[in-house]
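A closer look at the structure
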Amino acid sequence: MFEITILLASLGLILATVSFISGFQALKVRGSVDTRIHRLNGYLMFFSYLFLAGLSFVKGGISLSSIASWGAGLAIILIKVWIVRRGKAYKFGSWLGIMLIITWLIIVYTYIPI
């Protein structure tokens, strides 16, 4: 049976990985095609993350651990955006990109409803 949650989680992991790689290219040249692709990846990943969190709460129920985990992942995403917009991407970009990938590997794959 086709599961949309598995597909979205896999696409989100791919987008997080591509975003991690393309983010450093986007830093080099502002306003380039790489920057637009990186921003589109970020928006798609963010909305798929929110959609998966909503599906998780609807299908799996609301528990303290799922709220804490999905909230922690959302906090990591928002902190990354905040740091990049403050101009600190060169200093903190690599570990935040890895944190996004870890977020997808641990939180999303642990709490997606199958």
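Residues numbered from 1 in each chain as written. Predicted model: local features only at pLDDT ≥ 70, side-chain atom pairs only at ≥ 80, totals over all residues. Heavy atoms only, no water.

1. Digging into the packing of helix H2 (residues 33-60) against helix H3 (residues 64-85)
- Where H2 meets H3, the closest approach of the two axes is 11 Å, and the angle between their N-to-C directions is 165 degrees. By the criterion of interaxial angle, the relationship of H2 to H3 is roughly antiparallel. Of the two possible hands of crossing, H2 and H3 adopt the one that is left-handed. Every residue of H3 that contacts H2 at His38, Tyr43, Phe46, Tyr49, Leu50, Leu52, Ala53, Ser56 and Phe57 is listed here: Ser66, Ile67, Ser69, Trp70, Gly73, Leu74, Ile77, Leu78, Lys80 and Arg85.
- Of the residues assigned to the contact of H2 with H3, the class counts are 12 nonpolar, five polar and two charged. (Axes fitted to C-alpha atoms, helices over the stretch in contact; angles between N-to-C directions. Helix = DSSP H or I, 4+ residues; strand = E, 2+ residues; numbered from the N terminus. Parallel < 35°, antiparallel > 145°, perpendicular 65-115°, else oblique. Left-handed = near helix turned anticlockwise from the far one by under 90°. Contact = heavy atoms within 4.5 Å. Nonpolar A, V, L, I, M, F, W, Y, C, P; charged D, E, K, R; others polar.)

2. Let's talk about a nonpolar patch on the surface
- Together, Ile4, Leu7, Leu11, Ile14 and Val18 make up an exposed nonpolar region whose accessible area comes to about 390 Å².
- Assessed through its relative accessible area of 41%, Leu11 is described here as partly exposed. (Patch = residues over 30% accessible without salt bridge, like charges linked within 9 Å, V, L, I, M, F, W, Y side chains within 5 Å. Areas by Shrake-Rupley, 256 points an atom, 1.4 Å probe, with all protein chains shown as cover. Salt bridge = Lys/Arg side-chain N within 4 Å of Asp/Glu carboxyl O. Buried < 20%, exposed > 50% of the residue type's maximum accessible area, 1.4 Å probe, protein only.)

3. Quick look at H2
- Its 28 residues place the ends of H2 39 Å apart at the C-alpha level, agreeing with the 40 Å of an ideal helix rising 1.5 Å per residue.
- Among the residues of H2, Thr35, His38, Asn41, Met45, Ser48, Tyr49, Leu52, Ala53, Leu55 and Ser56 are the ones counted as buried.
- A positive backbone phi angle near 85 degrees is found at Gly61, which sits one or two residues after H2. (Expected span 1.5 Å × (residues − 1).)

4. Quick notes on H3
- Relative to the 32 Å expected for 22 residues at 1.5 Å per residue, H3 spans 31 Å between its end C-alpha atoms, a close match to the ideal helical length.
- In the segment just after H3, Gly87 is the residue with positive phi, at about 90 degrees.

5. Overview of the confidence of the model for the protein chain
- With 87% of its residues at a pLDDT of 70 or more, the protein chain has an overall mean of 79.
- Element-level mean pLDDT values for the protein chain span from 74 in helix H4 (residues 89-111) up to 85 in H3. (pLDDT = per-residue confidence, 0-100.)

6. Topic: the packing of aromatic side chains
- Within the structure shown, the criterion is met by two aromatic pairs.
- Their ring planes at 65 degrees and their centres at 5.6 Å tell us that Phe46 and Phe47 sit as a pair that is edge-to-face.
- Overall, the relative accessible area of 53% leaves Phe47 in the exposed class.
- With centroids separated by 5.1 Å and ring planes inclined at 65 degrees, the aromatic side chains of Tyr49 and Trp70 adopt a geometry described as edge-to-face. Of the two residues, Tyr49 is situated in helix H2 and Trp70 in helix H3; the sequence distance between them amounts to 21 residues. Trp70 matches Tyr49 in its accessibility class, with the two residues each being buried. (Phe/Tyr/Trp six-rings, centres within 6.5 Å; stacked < 30°, edge-to-face > 60°.)

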